[in-house]
Every structure is written in structure tokens, then in C-alpha cells.
Amino acid sequence: MNVTAPAPIGHAKVMLEHGEAIHVLHPNAIIAYQGSPQLREDRFMDLAGMYRKKKWIRSRMQGPSQFILGLPAGSTLRTMNIAPGSDLLFDFRHVLFYSDGMIMKSRIQKIKTVWITHEWVRMRFSGPGSLGILAAGDLGMLELDPVRPLYVEKGALIAYPERASVKLSVYGNPLASQHMQIQWELTGSGPILIQTGSRDSQLEDQLHGGSLIKRIFRELLPFGGIYIK
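Notes on the structure follow. Keep in mind that this is a model prediction, so the values were computed, not measured.

## Quick notes on the nonpolar core
- Membership of the largest hydrophobic core comes to 17 residues, with the highest contact counts inside it found for Met80, Phe90, Val95, Phe125, Leu131, Ile133 and Ile158.
- Elements represented by at least two residues in this core include exactly β8 (75-82), β9 (88-90), β10 (95-99), β12 (121-126), β13 (129-136) and β16 (157-161).
- No other element matches β13, which puts 3 residues into this core.
- If sequence neighbours within four positions are ignored, Met80 has contacts with Leu88, Phe90, Gly129, Ser130, Leu131, Ile133 and Leu193.
- Judged by nonpolar contacts, the second largest core, of 15 residues, contains Val14, Ala29, Met61 and Leu71.

## Concerning the sheet that holds β10
- Read from one edge to the other, the open sheet built from 6 strands follows the order β5-β6-β3-β10-β13-β8, with strand pairing classed as antiparallel. Here the strands that pair on one side only, and so sit at the sheet edges, are β5 (40-44) and β8. Each strand of the sheet is rotated relative to its neighbour by a mean of 20°, with strand direction disregarded.

## What to know about the pattern of salt bridges
- Following the criterion strictly, the structure yields 8 salt bridges and no others.
- Between Asp42 and Arg40 there is a salt bridge, with the nearest N and O atoms lying 2.9 Å from each other.
- Judged by relative accessible area, which is 33%, Arg40 ranks as partly exposed.
- With a closest N to O distance of 2.9 Å, Arg163 and Asp87 form a salt bridge. Taken together, the residues Arg163 in the loop between β16 and β17 (165-169) and Asp87 in the loop between β8 and β9 connect sequence positions 76 residues apart.
- On the basis of relative accessibility, which here comes to 73%, the residue Arg163 falls in the exposed class.

Here is what the cut-offs are and how they apply
Residues numbered from 1 in each chain as written. Predicted model: local features only at pLDDT ≥ 70, side-chain atom pairs only at ≥ 80, totals over all residues. Heavy atoms only, no water. Core = buried A, V, L, I, M, F, W, Y, C linked by side-chain atoms within 4.5 Å. Buried < 20%, exposed > 50% of the residue type's maximum accessible area, 1.4 Å probe, protein only. Helix = DSSP H or I, 4+ residues; strand = E, 2+ residues; numbered from the N terminus. Contact = heavy atoms within 4.5 Å. Pairing = 2+ DSSP bridges. Axes fitted to C-alpha atoms, helices over the stretch in contact; angles between N-to-C directions. Salt bridge = Lys/Arg side-chain N within 4 Å of Asp/Glu carboxyl O.

Put into C-alpha cells, the structure is as follows:
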């Protein structure tokens, strides 16, 4: 399998050789296809996939063929090889496709975590195989430490090791902790994956020339972020 995803263009080209197959979890993202029509087979998702993806159908694409996947604006697609012993837990929303033959298992999250994140399950994939990971901005990788915690903004964390210690937290002095997004506090060993696209509305306003007065009113007035554009 060969995947090319030029970031500025907003699409990915997937080329499959004879004998290769992948499952595309968002069939409507396939905007162009070249190959025998019989090499695409749509199937119903299982219940976990329907719940997480809010989709009924996935597409099994076989080679030899090639197709173009349209990507959301500002996102990137990265292909990641998964070893047989991998214990990474993925936010299923970020998985665009996976290799045929891989095994998915649901992992139920702790109630206190679900209360804040509204995330009931994460998915563990058993390889060997490849995942197509969709990220806002780019995809970054960091290594955990058994003693020194790593804090990650809750919306940025795509995957972490199942054996890691994971808690919801904030950090810094009182002013910092009162005005930041909830963070994941992680310790352990192994890699984590994060999406690096910025969610700082103030930073975006500055980059696009938003006025200081508007930014102040958005912060100070109730529902200012909704009514003041």
C-alpha cells in the first residue's frame, strides 16, 4: 500500500497492489476511483463502529486499484504501522482506514473520564497492519515517562498506551489552572499521538486581524463568543 497526502492540497492518494485491501470508514471521502468496480465492497459496520463513527457503512477496497480521499480543511492524513503487540488505544474518530486482517477491540473508559470527555470507549488495534490517522493540523508523537507526568489538552490526544496511567487534570498556578482546558495527565512508557492543530481562538483572531475590543468583549460578556463575531 502506498499513501501520499500532500498537506496543503487537502487530499490523499491511496494505491493498492494485488492482494492488498483496506477498510475505509468514511466511504463518502472517496471522491475518485480507478480500478475494477468489483474491487469495492461496502459492508455494514459493527455496533461499536456505528456508535463511534455515526456511520452505517464501511468500504473494503482491494487492489490493484487507486483512489483519492478528500480530507477536511486543515487536516492531514498519516499512515502508521501497527505491530502485533501494540497496546495503543485510539480515539476511533481519527481512524480513516485500516488494513484488512487487523483486529479491533473496544476498551471501556472509566466513569470519571467519561463524565468530562463524553468518550465511552477507545479502540485497540492488533497488527500487523496499517492505520490511516486523520489529525487536525499535523500528527505529533511524544514519549511518556514513568515518573514525570505529561499533560496534553483533552481534545488533542489521539492515542496512548493501554497500560499508561491516565487522569484528568490541570496544572500550573491557580490562574493558569482556572483558565485552561481540561488536560490528560499521563505517566508510563511508550508513545502517545497528538494532533497539533491550534484551538486557541484568540491566536486565530490575531492571525486574521481580529480587533482587541472584540476579543475583550468575547471574554468578558456572557456568551460573547457566540454573539460577537
